[in-house]
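# Topology and contacts: notes
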Amino acid sequence: MFHMGQWSVLLLLSLTSIVHSQSCKWLHPKQEYLNTQILKTFNETIPIRETEKICEEHPSDLPNTESIYNVSQVEAAALAVREVLNGTIRFYMKHHERMGCKQQAWERFQHLLYYQIHQLEGCISETAEDHLIKESVSEQFNLLEKTILEKGSSACVWDFIHSEIRRNLQLVLQLSSRLRRHHLIQRTQ
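Residues numbered from 1 in each chain as written. Predicted model: local features only at pLDDT ≥ 70, side-chain atom pairs only at ≥ 80, totals over all residues. Heavy atoms only, no water.

On record in UniProt, under Sequence similarities (unreviewed entry), the comment for the protein chain is "Belongs to the alpha/beta interferon family." According to its UniProt record, the protein chain has this under Subcellular location (unreviewed entry): "Secreted". (UniProt positions renumbered as here; feature names shortened; annotations may be inferred.)

This is the structure in structure tokens:
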């Protein structure tokens, strides 16, 4: 049998999750359009290279980060998305000119990522932190940096890096979509 204090705690937890999900703009279905714009703009940042050279030197020692995308809690997912987006911004800020990014597309891409990060603010408590997610994402970007140092900045290296970052963005956006659908189903029940 519950005591009055236990009921109060349950009620408070229920209200907190309702308020939390309402302030989490990232979960709104309208944000799906932002996902498509991020990928579209990302693809526009790199000019199409006309090369007949087949790139075979791709590093195979990149960590498997797919486990960070297999989360179902809103806050953990939001943390993963934020880390990948922040890592992407930092990486491209450092290398966008050497990669030959189209300036206007790069600026729009950067703006979209910052906007998405802003939408995540209501989904993450101020004290939330997940060292495993941070470490996994950081390790991946560090290995991309190491690839540049070891293999140089050839078109093949940039193409490889661009495809790796695209893959991570796609995983992050799929995670976002999955949580939005789940949130929408919960709201309609």
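That was the structure; now back to the text.
## Regarding the overall build of the protein chain
Summing up its helical and strand segments, the protein chain has six helices and zero strands in all. Counting all 189 residues of the protein chain, 42% fall into the buried class. Sequence separation of at least 24 residues holds for 88% of the intrachain contacts in the protein chain that already meet a minimum separation of 6. Carbon and sulfur atoms provide 54% of the accessible area of the protein chain, an area that totals close to 11600 Å². (Helix = DSSP H or I, 4+ residues; strand = E, 2+ residues; numbered from the N terminus. Buried < 20%, exposed > 50% of the residue type's maximum accessible area, 1.4 Å probe, protein only. Contact = heavy atoms within 4.5 Å. Areas by Shrake-Rupley, 256 points an atom, 1.4 Å probe, with all protein chains shown as cover.)

## Details of the packing of helix 3 (residues 74-95) against helix 4 (residues 103-120)
In a packed pair of helices, the relevant descriptors are the angle between the two axes and the axis-to-axis distance. At a closest axis distance of 10 Å, the pairing of helix 3 and helix 4 adopts a crossing angle of 155 degrees. Here helix 3 lies roughly antiparallel to helix 4, going by the angle between them. Judged by the sense of rotation from one axis to the other, the crossing of helix 3 with helix 4 is left-handed. Counted together, A78, V81, R82, L85, N86, T88, I89, Y92 and M93 of helix 3 and W106, F109, Q110, L113, Y114, Q116, I117 and L120 of helix 4 form the full contact between these two elements. (Axes fitted to C-alpha atoms, helices over the stretch in contact; angles between N-to-C directions. Parallel < 35°, antiparallel > 145°, perpendicular 65-115°, else oblique. Left-handed = near helix turned anticlockwise from the far one by under 90°.)

## Some points on the pattern of salt bridges
One side chain can pair with another of opposite charge once the charged atoms of both are near each other. Using the criterion set out here, one finds four salt bridges in the structure. Note that R180 is salt-bridged to E32, the shortest N-O span being 2.6 Å. Taken together, the residues R180 in helix 6 (residues 155-188) and E32 in helix 2 (residues 31-45) connect sequence positions 148 residues apart. Using a relative accessible area of 3% as the deciding quantity, one classes R180 as buried. Residue E32 is classed as partly exposed on the basis of its relative accessible area, which comes to 28%. (Salt bridge = Lys/Arg side-chain N within 4 Å of Asp/Glu carboxyl O.)

## Some words on the state of the cysteines
All told, the structure shown has one disulfide when counted by the stated rule. Note that C24 is cross-linked by a disulfide to C123, the S-S spacing being 1.7 Å. Here C24 and C123 share a disulfide; its torsion about the S-S bond, 90 degrees, makes the bridge right-handed. Of this pair, C24 sits in the loop between helix 1 (4-23) and helix 2 while C123 sits in the loop between helix 4 and helix 5 (131-151), placing them 99 residues apart in sequence. On the basis of relative accessible area, C24 is assigned to the buried category, the value being 0%. Relative accessible area serves as the criterion here: at 0%, C123 is assigned to the buried category. (Disulfide = S-S within 2.5 Å.)

## Details of the nonpolar core
Counting residues in hydrophobic clusters, the biggest one holds 48 residues, and the most contacted among them are W26, F91, Y92, M99, I161, I165 and L175. Setting aside residues no more than four positions away along its own chain, I165 makes contact with F42, T88, F91, Y92, F141 and L144. (Core = buried A, V, L, I, M, F, W, Y, C linked by side-chain atoms within 4.5 Å.)

## Remarks on the packing of aromatic side chains
For the structure shown, the criterion picks out seven aromatic pairs. Judged by centre distance (6.0 Å) and plane angle (45 degrees), the ring pair of F91 and F141 falls under tilted. In this pair, F91 is assigned in helix 3 and F141 in helix 5, connecting sequence segments 50 residues apart. Both residues of the pair, F91 and F141, count as buried. (Phe/Tyr/Trp six-rings, centres within 6.5 Å; stacked < 30°, edge-to-face > 60°.)

## Brief notes about the environment of N70
By the secondary structure assignment, N70 is in the loop between helix 2 and helix 3. Each C-alpha atom of the pair N70 and L171 lies 9.6 Å from the other, and the pair is 101 residues apart in sequence.

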